[in-house]
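Residue-level structure breakdown
Residue strings, one per chain:
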Amino acid sequence: GTAPQSKDSTSNANHGTSAGSMTSGDQVAGKIDGSLDFDGSNDEVTRSNAIVGDSSAYTISAWIKTSSSGKQTIYTEYNSGSPDRYQFLYADGGKIKWYSTDDSTFWSSVLTGTPTVSDGQFHYVTFVQPSKSSRQLFVDGNPDVTTSDTVGTFNHNAVTIGTWRASSGNNSFWTGIL
């Protein structure tokens, strides 16, 4: 249908636009009122405005289901003109990771979860930042890893779900259900 096809069910109206070869058939059953089935080659949902931006405190969570153990991205918020970004991804070896970078320090924060989540079952993964100097990953509601390094200032202007957007193009497409 007409963009934006991915509607935010909250009053925040953070709607997204599907891209790649996504069709209405990619809307599938999921844990909460439906999910999207990403093909791992070019499917993504984009938004031209940042949602989190430079917020001090925020939470990002997703129900995920995949059998692939390759590097895949759940959510990226970025600045198209710089390496500045947050990246919530399912990394090699089936572990959840969180990266944050800014213009002054590349890979300023990295969190790597411990459970493997590439078993073809639904898992609830959550990243929480209660302040600029505290971040934590949760897997299936259980606290996993934390860090207390301080991140810099972010100037994000776009969002992608299902891929990592880099200056050289897209990378790490999600294979499975989000």
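Residues numbered from 1 in each chain as written. Predicted model: local features only at pLDDT ≥ 70, side-chain atom pairs only at ≥ 80, totals over all residues. Heavy atoms only, no water.

On to the confidence of the model for the chain, then. With 89% of its residues at a pLDDT of 70 or more, the chain shows a mean pLDDT of 84. Per-element confidence in the chain is highest for strand β3 (residues 35-39), whose mean pLDDT is 94, and lowest for strand β15 (residues 169-171), whose mean pLDDT is 68. (pLDDT = per-residue confidence, 0-100. Helix = DSSP H or I, 4+ residues; strand = E, 2+ residues; numbered from the N terminus.)

Right, let's get into the packing of aromatic side chains. A full pass over the atoms with the stated rule returns five aromatic pairs. Aromatic pair tyrosine 58 and tryptophan 98: ring centres 6.5 Å apart, planes at 50°, arrangement tilted. With a gap of 40 residues between them, tyrosine 58 in strand β5 (residues 58-64) and tryptophan 98 in strand β8 (residues 95-101) connect regions that are remote in the sequence. Taking the relative accessible area as the measure of exposure, tyrosine 58 reaches 9% and is therefore buried. For the pair tyrosine 58 and phenylalanine 127, a centre-to-centre distance of 5.9 Å together with 45° between the ring planes defines the contact as tilted. Taken together, the positions of tyrosine 58 in strand β5 and phenylalanine 127 in strand β10 (residues 123-131) put the pair 69 residues apart, joining distant regions of the chain. Each member of the pair, tyrosine 58 as well as phenylalanine 127, carries the same accessibility label: buried. Members of the aromatic cluster, each reached through a chain of ring pairs, are Tyr58, Trp98 and Phe127. The cationic tip of lysine 31 hangs over the ring face of tryptophan 63; the distance from NZ or CZ to the ring centre is 5.2 Å. (Phe/Tyr/Trp six-rings, centres within 6.5 Å; stacked < 30°, edge-to-face > 60°. Buried < 20%, exposed > 50% of the residue type's maximum accessible area, 1.4 Å probe, protein only. Lys NZ or Arg CZ within 6 Å of the ring centre and 35° of its normal.)

What follows concerns the sheet that holds strand β16 (residues 175-177). The three strands lie next to each other as β2-β3-β16, forming an open sheet whose pairing is antiparallel. Of all strands in the sheet, those bounded by a partner on one side alone are β2 (27-28) and β16. Two strands pair when backbone bridges link them, and β2 and β3 are joined in this way by two bridges, in the antiparallel orientation. Its bridge partner being in β3, valine 28 is matched across the sheet by serine 35. (Pairing = 2+ DSSP bridges.)

This part takes up the pairing of strand β11 (residues 134-139). Pairing analysis gives five bridges linking β10 to β11, with the strands arranged antiparallel. By the bridge assignment for β11, valine 125 is matched with valine 139. Counting the residues between successive antiparallel strands, the hairpin from β10 to β11 contains two residues. Pairing of β11 with strand β12 (residues 142-147) involves five bridges; the strand directions are antiparallel. The residue of β12 that forms the bridge with arginine 135 is threonine 147.

With 28 residues, the main nonpolar core has Ile64, Ile74, Phe88, Ile96, Trp98 and Leu137 as its most contacted residues. Breaking this core down by element, the ones donating at least two residues are β3, β5, β6 (72-78), β7 (85-91), β8, β10 and β11. Per element, the largest residue contribution to this core is four residues, and it comes from β5. (Core = buried A, V, L, I, M, F, W, Y, C linked by side-chain atoms within 4.5 Å.)

What follows covers the side chain of histidine 123. Positionally, histidine 123 belongs in strand β10. On the basis of relative accessibility, which here comes to 8%, the residue histidine 123 falls in the buried class. Within the structure, the side chain of histidine 123 is placed 2.9 Å from the side chain of aspartate 119, a separation counted as a polar contact. A polar atom in the side chain of histidine 123 sits 2.7 Å from the side chain of aspartate 140. Setting aside residues no more than four positions away along its own chain, histidine 123 makes contact with Ala62, Trp63, Ile64, Val117 and Asp140. (Polar contact = N/O pair within 3.5 Å; in protein donor to acceptor, adjacent residues only side chain to side chain. Contact = heavy atoms within 4.5 Å.)

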